[in-house]
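Listed here are the chains, written in short residue letters.
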Amino acid sequence: MLFDWMFKDMDRSLREMGVGDVGVARHIKKMAKAFYGRAAEYEKGLDGDPAVLAQSLETNVFRQGTPSPAALVSMADYLRRAASFLGQQSVADIVAGCVRFPETVHEADDGADSPINA
């Protein structure tokens with residue numbers, strides 16, 4: 001359902017920018033293909049080999065630069081923890097907007113309150 005809303009909003013935004021009916025369909029198809037392709041890669045990395053997740057992050061998040069190996073490992077670790085943390089939350093809480101995320105390494109070092117409420 002969330003993805004339906006997301007793509008409906010993309011459709012509306014493209015139309016507001018002046019893209020015509022035929023162009024909207026083409027753009028949405030391209031964006032959906034990119035989204036689902038990335039989601040599949042992230043899922044493989046979250047469910048299996050950490051190297052797959054790190055490679056996916058490098059390709060999709062750091063398109064203009066080259067991150068340090070430590071940055072990739074840190075980001076991949078956080079995503080694994082976040083996926084597990086989110087999986088323990090009820091759908092009702094998430095729908096109500098009470099989404100919690102695990103603390104980051106920097107927050108843990110700073111002693112900041114955790115988890116973060118979005």
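Everything discussed here concerns the structure shown above.
Attention in this report is confined to the structure presented alongside it. (Residues numbered from 1 in each chain as written. Predicted model: local features only at pLDDT ≥ 70, side-chain atom pairs only at ≥ 80, totals over all residues. Heavy atoms only, no water.)

**Re the packing of helix α1 (residues 2-16) against helix α2 (residues 21-47)**
How two helices sit against one another is set out by the angle between their axes and by the gap between those axes.
Phase 1: The contact between α1 and α2 brings their axes to 10 Å, and the two run at 140°. Comparing their axes, α2 and α1 come out oblique. When the axes of α1 and α2 are compared, the crossing they make is right-handed. Residue-level inspection shows Phe-3, Met-6, Phe-7, Met-10, Asp-11, Leu-14 and Arg-15 of α1 in contact with α2, the latter providing Asp-21, Val-24, His-27, Ile-28, Met-31, Ala-32, Phe-35 and Tyr-36. (Axes fitted to C-alpha atoms, helices over the stretch in contact; angles between N-to-C directions. Helix = DSSP H or I, 4+ residues; strand = E, 2+ residues; numbered from the N terminus. Parallel < 35°, antiparallel > 145°, perpendicular 65-115°, else oblique. Left-handed = near helix turned anticlockwise from the far one by under 90°. Contact = heavy atoms within 4.5 Å.)

**Brief notes about the packing of helix α3 (residues 50-60) against helix α4 (residues 69-87)**
Phase 1: For the pair α3 and α4, interaxial distance at closest approach is 9 Å and the crossing angle is 110°. Of the possible angle classes, the one that applies to α3 and α4 is roughly perpendicular. Remark: the crossing between α3 and α4 carries right-handed chirality. Residue-level contacts link Pro-50, Leu-53, Ala-54, Leu-57 and Glu-58 of α3 to Leu-72, Met-75, Ala-76, Leu-79 and Arg-80 of α4.
Phase 2: Along the lines of polarity and charge, the residues of the contact of α3 with α4 split into 8 nonpolar, no polar and 2 charged. (Nonpolar A, V, L, I, M, F, W, Y, C, P; charged D, E, K, R; others polar.)

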